[in-house]
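# Topology and contacts: notes
So you can see what is in the structure, the chains are spelled out below.
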Amino acid sequence: MSHAPRHWSKKSLAAQALGHVDPITKAVVPPIHVATTYIRDEDNQYSSGYVYGRPDNATVREAEAVIAMLEEAQAGALLFSSGMAAATAVFGALDPGDHIVAPTVMYWALRRWLSEEATRWGLKVDFVATDDLAALKQAVRPGQTKLVWLETPSNPLWTITDIAAAAEIAHAAGARLAVDSTASSPVVTRPLSLGADVVMHAATKVLNGHSDVIAGALAGAKADAFWARIQRIRSGNGAILGPFEAYLLMRGMRTLHVRINAQMANAGDLARRLSAHPAVAQVLYPGLPEHPGHAVAARQMTGGFGTMLSIRVAAGEAAAIRTAARVGLWKRATSLGGVESLIEHRASIEGPGTPCPPDLLRLSVGIEDADDLFADLDQALQQG
């Protein structure tokens, strides 16, 4: 049961999980529905709308409704067991022989999957600097390219691609546009409103925000045959998110606006201060005026420039690794978007072939005190 007027802001709707009140107990926190199977009616129908737990679940539906609201997704949203499960479902909805254009700089695990696994299924993949619109247009093959995949800001260099312009290029060639918006969140960027057909989130990250859920999400612009195929893939592959994880994700999204605004304030403050640090050769953050994608970011990101930045350590790779080893408040761990600040020498994770510079440290900024975060980095950087 929901009492959420349409005129409420997204912040209010997210904070109250769309105003849901349990119809039985009148609880303001929705219950967790763990049932795997449901009673069939005497006339052999399922009037409840639920048949079996693999394709559908009430708690999952509630979390999906929040995401669909945030993304303004006419087709709704689908939750998956991980970000990779969500992303690969989009590619799985294509046909053998279809051509894909994807970014040179993107989430490394997905890039590797596209290079090693997608091609085994007959998909053809070209990687291009999607922030270069001329290069993107040249890479797209009219009539052959079926999907253009963007990631903006892209991990871990935080390059920015113009979503609206990329949508025009993709659609003119007869392709769909999908956008990995994990590092941005729907609070900051809504790709569907800029012309994208599908938006993907590794919901593990900013959407959940507490480093305790592995989840992925897709939101669709329209309920067409392609979206229906993605739904069938999730059901057939058993890739739905579990109900407890969906409950935790929904709990995380209730504080999304408060969290991300605090994190973005910290990220912007740190980016400016680190830009003047003698041990830092470069700060990669779209909120800085000198960032090559700043103008586009300012146009398509509202209220801030995300919670992620990277620094290139002036003394090189070894000094970067030592810096990561000497922090105390920052935690040396992979992932991003949580309330705790994380630091990672990304090239070590990605391995051979990575476009990530060896002197780069990726910083996921949390909600701690900004002065404490800077002081911790400062002492580590000064030790060289």
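One structure accompanies this document, and this report is about it. (Residues numbered from 1 in each chain as written. Predicted model: local features only at pLDDT ≥ 70, side-chain atom pairs only at ≥ 80, totals over all residues. Heavy atoms only, no water.)

## Remarks on the pairing of strand 2 (residues 99-103)
To be explicit about the condition: Burial status follows relative accessibility: with a 1.4 Å probe on protein chains alone, a residue under 20% of its type maximum counts as buried, one over 50% as exposed, and anything between as partly exposed. Helical segments are the DSSP runs of H or I of at least four residues, strand segments are the runs of E of at least two, and each set is numbered from the N terminus. Strands qualify as paired when DSSP identifies two bridges or more between them.
Of all the five residues making up strand 2, five are buried; the element is thus mostly covered by neighbouring parts of the structure. Here strand 2 shows a buried face lined by His99, Val101 and Pro103 and a second buried face lined by Ile100 and Ala102. Summarising the sheet, strand 2 and strand 3 (residues 124-128) pair through five bridges and their orientation is parallel. Among the inter-strand pairings, Ile100 is bridged to a residue of strand 3, identified as Val125.

## Quick word on the sheet that holds strand 3
Basically, it comes down to this: Under this scheme, a helix contributes an axis fitted over its contacting stretch, all axes are lines through C-alpha atoms, and angles between N-to-C directions fall in the 0 to 180 degree range. Whether two residues touch is decided by their heavy atoms; if any such pair falls within 4.5 Å, the residues are in contact.
Across the sheet, seven strands lie side by side as 1-7-6-5-4-2-3; this open sheet has mixed pairing. Only two strands of the sheet have a single neighbouring strand rather than two, namely strand 1 (76-80) and strand 3. Strand-to-strand twist across the sheet, computed as the mean angle between neighbouring axes with direction ignored, equals 20°. As defined by bridge partners, strand 2 adjoins strand 4 (residues 145-151) across three bridges and the pair is classed as parallel. Among the inter-strand pairings, His99 is bridged to a residue of strand 4, identified as Thr145. Across the sheet, helix 2 (residues 58-71) is in contact with strand 1, strand 6 (198-201) and strand 7 (216-220); its angle to strand 1 comes to roughly 130°. Packed on one face of the sheet, helix 6 (residues 163-172) meets strand 4 and strand 5 (176-180) and runs near 150° to strand 5.

## Things to note about the nonpolar core
Quick note on the threshold: Throughout, nonpolar core names a set of buried Ala, Val, Leu, Ile, Met, Phe, Trp, Tyr and Cys residues whose side chains join them through atoms within 4.5 Å.
Residues Leu177, Leu274 and Leu309 are the most contacted members of the largest nonpolar core, which totals 82 residues. Filtering out sequence-adjacent residues up to four positions away, Leu309 remains in contact with Trp158, Ala267, Ala271, Leu274, Val283, Leu284, Tyr285, Leu361, Arg362, Leu363 and Val365. Among the nonpolar cores identified, the runner-up in size contains 31 residues, and Val90, Ala118, Val198 and Ile233 belong to it.

## Some thoughts on the packing of aromatic side chains
The cut-off we apply is this: Geometry of aromatic contacts follows a simple scheme: Phe, Tyr and Trp rings, the Trp one being its six-membered ring, pair when their centres are within 6.5 Å, and the pair is stacked under 30 degrees between planes, edge-to-face over 60, tilted otherwise. Our definition puts a charge over a ring when NZ of Lys or CZ of Arg is within 6 Å of the ring centre and also within 35 degrees of the ring normal.
Using the criterion set out here, one finds five aromatic pairs in the structure. Ring geometry for Trp113 versus Trp121: centroids 5.4 Å apart, planes at 80°, classification edge-to-face. A residue is classified by how much of its surface remains accessible, and Trp113, at 14% relative accessible area, is buried. Look at Trp121 and you get partly exposed, because its relative accessible area is 46%. Considering the side-chain rings of Phe244 and Tyr247, the 6.3 Å spacing of their centres and the 25° angle between planes classify their relative orientation as stacked. With Phe244 and Tyr247 both in helix 8 (residues 243-253), this residue pair falls three residues apart, about one helical turn. Judged by relative accessible area, Phe244 falls into the partly exposed class, the value being 45%. Through a chain of ring-to-ring contacts, three or more aromatic side chains come together here, namely Phe91, Trp113, Trp121 and Trp149. Here the basic side chain of Arg111 rests over the ring of Phe127, its NZ or CZ set 4.3 Å away from the ring centre.

## Some remarks on the pattern of salt bridges
How we decide: By salt bridge we mean one thing: a side-chain nitrogen of Lys or Arg within 4 Å of a carboxyl oxygen of Asp or Glu.
The final tally for this structure, using the stated rule, is 15 salt bridges. A salt bridge links Arg176 to Asp224; the nearest nitrogen and oxygen atoms lie 3.8 Å apart. With a gap of 48 residues between them, Arg176 in strand 5 and Asp224 in the loop between strand 7 and helix 7 (225-237) connect regions that are remote in the sequence. A residue is classified by how much of its surface remains accessible, and Asp224, at 22% relative accessible area, is partly exposed.

## Some words on helix 2
Spelled out, the test is: Every helix has an expected span of 1.5 Å times one less than the residues it contains. Polar contacts, as used here, are pairs of N or O atoms within 3.5 Å; protein pairs need one atom able to donate a hydrogen and one able to accept it. Residues neighboring in sequence count only if both atoms are side-chain atoms.
Under the 1.5 Å per step criterion, the end-to-end length of helix 2 is 20 Å for 14 residues, consistent within 8% with the ideal 20 Å. Among the 14 residues that make up helix 2, 12 are buried, leaving the element largely enclosed by the rest of the structure. Every buried residue of helix 2 is accounted for by Ala58, Thr59, Val60, Glu62, Ala63, Glu64, Val66, Ile67, Ala68, Met69, Leu70 and Glu71. The residue sitting at the N-terminus of helix 2 and contributing the capping side-chain oxygen is Asn57; that oxygen lies 2.8 Å from the backbone nitrogen of Thr59. Backbone geometry just downstream of helix 2 places Glu72 in the positive-phi region, at approximately 55°.

## Examining helix 9 (residues 256-275)
A rise of 1.5 Å per residue sets the reference length of helix 9, with its 20 residues, at 28 Å; its end C-alpha atoms lie 28 Å apart and thus fit the reference within 8%. The complete set of buried residues in helix 9 reads Leu256, His257, Arg259, Ile260, Gln263, Met264, Asn266, Ala267, Gly268, Leu270, Ala271 and Leu274.

## Quick look at the environment of Val179
Following the sequence through the fold, Val179 ends up in strand 5. When the C-alpha atoms of Val179 and Thr161 are compared, they prove to be 9.9 Å apart, with 18 residues separating the residues in sequence. Those residues in contact with Val179, other than ones at most four positions away along the chain, are Leu150, Thr152, Ile163, Pro191, Ala196, Val198, Val199 and Met200.

## A word on the packing of helix 9 against helix 13 (residues 370-382)
Keep this limit in mind: Crossings are sorted by hand: turned counterclockwise from the far helix by less than a right angle, the near helix makes the crossing left-handed, and turned clockwise it makes it right-handed. Basically, the charged four are Asp, Glu, Lys and Arg, the nonpolar ten are Ala, Val, Leu, Ile, Met, Phe, Trp, Tyr, Cys and Pro, and anything else, Gly included, counts as polar.
Put simply, helix 9 and helix 13 touch, their axes get as near as 10 Å, and they point 35° apart. As helix 9 runs across helix 13, the sense of the crossing is right-handed. Where helix 9 approaches helix 13, its residues Asn266, Asp269, Leu270, Arg273 and Leu274 are matched on the opposing element by Ala370, Asp371, Leu373, Phe374, Leu377 and Leu381. In the contact of helix 9 with helix 13, the residues fall into seven nonpolar, one polar and three charged.

## Digging into the side chain of His345
Among the secondary structure elements, His345 is positioned in the loop between strand 11 (342-344) and helix 12 (346-350). At 2.5 Å, the side chain of His345 and the side chain of Ser348 are in polar contact. Within the structure, His345 has its side chain in polar contact with the backbone oxygen of Pro358 (distance 2.6 Å). Leaving out residues up to four positions away in the same chain, His345 has contacts with Glu317, Ala320, Ile321, Pro358, Leu360 and Leu361.

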